[in-house]
Amino acid sequence: MSDTDPEQSEYPPWSSLYVGLKHPKNLALYAQRQAKVNDGIRVVVVQTADYRDAVVTVVVERVSGGRVELDLKHGDNPELLAARIETAARILMAQ
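Everything numeric here is computed off the predicted structure, so don't read it as measured data.

A. Here's a closer look at the overall build of the protein. Each helix and strand counted, the protein has two helices and three strands in total. Traced from its N-terminal end to its C-terminal end, the protein shows the element sequence α-β-β-β-α. Here the protein has a C-alpha radius of gyration of 14 Å; the compact-globule value for 95 residues is 12 Å, and the two agree. By residue count, 31% of the 95 residues in the protein fall in the buried class.

B. Spatial organisation of the pattern of salt bridges. Using the criterion set out here, one finds four salt bridges in the structure. For glutamate 69, the salt bridge is made with arginine 67, and the minimal N-O distance between the two is 3.0 Å. Each member of the salt-bridge network shares a partner with another, and the members are Arg42, Glu61, Arg67 and Glu69.

C. Summary view of the sheet that holds strand 1 (residues 41-47). Strand order in this open sheet of three strands is 1-2-3, and the pairing throughout is antiparallel. Sheet topology places strand 1 and strand 3 (67-71) at the edges, where each strand pairs with a single neighbour. Taken over all neighbouring pairs, the strand axes of this sheet differ in orientation by 20° on average, direction set aside. Taken strand by strand, helix 1 (residues 24-34) contacts strand 1 and strand 2 (56-62), and its axis lies near 170° from that of strand 1.

D. Region of the structure containing helix 1. Of all the residues in helix 1, the buried ones are Asn26, Leu27, Ala28, Tyr30, Ala31 and Arg33. The inward-facing, buried residues of helix 1 abut strand 1, strand 2 and helix 2 (78-94).

E. Structural view of the pairing of strand 2. A large share of strand 2 lies buried, amounting to six of its seven residues. The pairing of strand 1 with strand 2 spans seven bridges and is classified as antiparallel. Residue pairing for strand 2: isoleucine 41 is matched across the bridge by arginine 62.

F. Quick look at the nonpolar core. In this structure, Ala28, Ile41, Val58, Val60, Leu70, Leu81 and Ile85 are the most contacted members of the largest nonpolar core, which totals 20 residues. Going through the elements one at a time, helix 1, strand 1, strand 2 and helix 2 are the ones with two or more residues in this core. Of all the elements, helix 2 adds the most residues to this core, at six residues. Setting aside residues up to four positions removed in sequence, leucine 81 forms contacts with Leu27, Ala28, Ala31, Val58, Leu72 and Asp76.

G. Region of the structure containing the packing of helix 1 against helix 2. The contact between helix 1 and helix 2 brings their axes to 8 Å, and the two run at 55°. Relative to helix 2, the element helix 1 is oriented oblique. Taken as a pair, helix 1 and helix 2 cross one another with a handedness that is right-handed. Side by side, helix 1 and helix 2 meet where Leu27, Ala28, Tyr30, Ala31, Gln32 and Gln34 of the first sit next to Pro78, Glu79, Leu81, Ala82, Ile85 and Glu86 of the second.

So, how was this worked out
- Residues numbered from 1 in each chain as written.
- Predicted model: local features only at pLDDT ≥ 70, side-chain atom pairs only at ≥ 80, totals over all residues.
- Heavy atoms only, no water.
- Helix = DSSP H or I, 4+ residues; strand = E, 2+ residues; numbered from the N terminus.
- Rg over C-alpha atoms; globule rule 2.2 N^0.38 Å.
- Buried < 20%, exposed > 50% of the residue type's maximum accessible area, 1.4 Å probe, protein only.
- Salt bridge = Lys/Arg side-chain N within 4 Å of Asp/Glu carboxyl O.
- Pairing = 2+ DSSP bridges.
- Axes fitted to C-alpha atoms, helices over the stretch in contact; angles between N-to-C directions.
- Contact = heavy atoms within 4.5 Å.
- Core = buried A, V, L, I, M, F, W, Y, C linked by side-chain atoms within 4.5 Å.
- Parallel < 35°, antiparallel > 145°, perpendicular 65-115°, else oblique.
- Left-handed = near helix turned anticlockwise from the far one by under 90°.

Here is the structure:
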């Protein structure tokens, strides 16, 4: 997305966030907004209800069927996770 995209401007740059805001759910939301996927692909961020040990998963789904669940990895940043989302979307579209 471009720097002038109104949806993108709602989020400050990842690098400028306080450490306390760089948690897995925010990482997944940043990556979700950054990933470029085709129409027919849905990207959903899912978090378990346990607020102390919550697990965040990014689900990439093809609307017509098929899904890939991506777990966050140590060392992920929005760019790396967005690239993994885009790869999952391409795999789903190729099926």
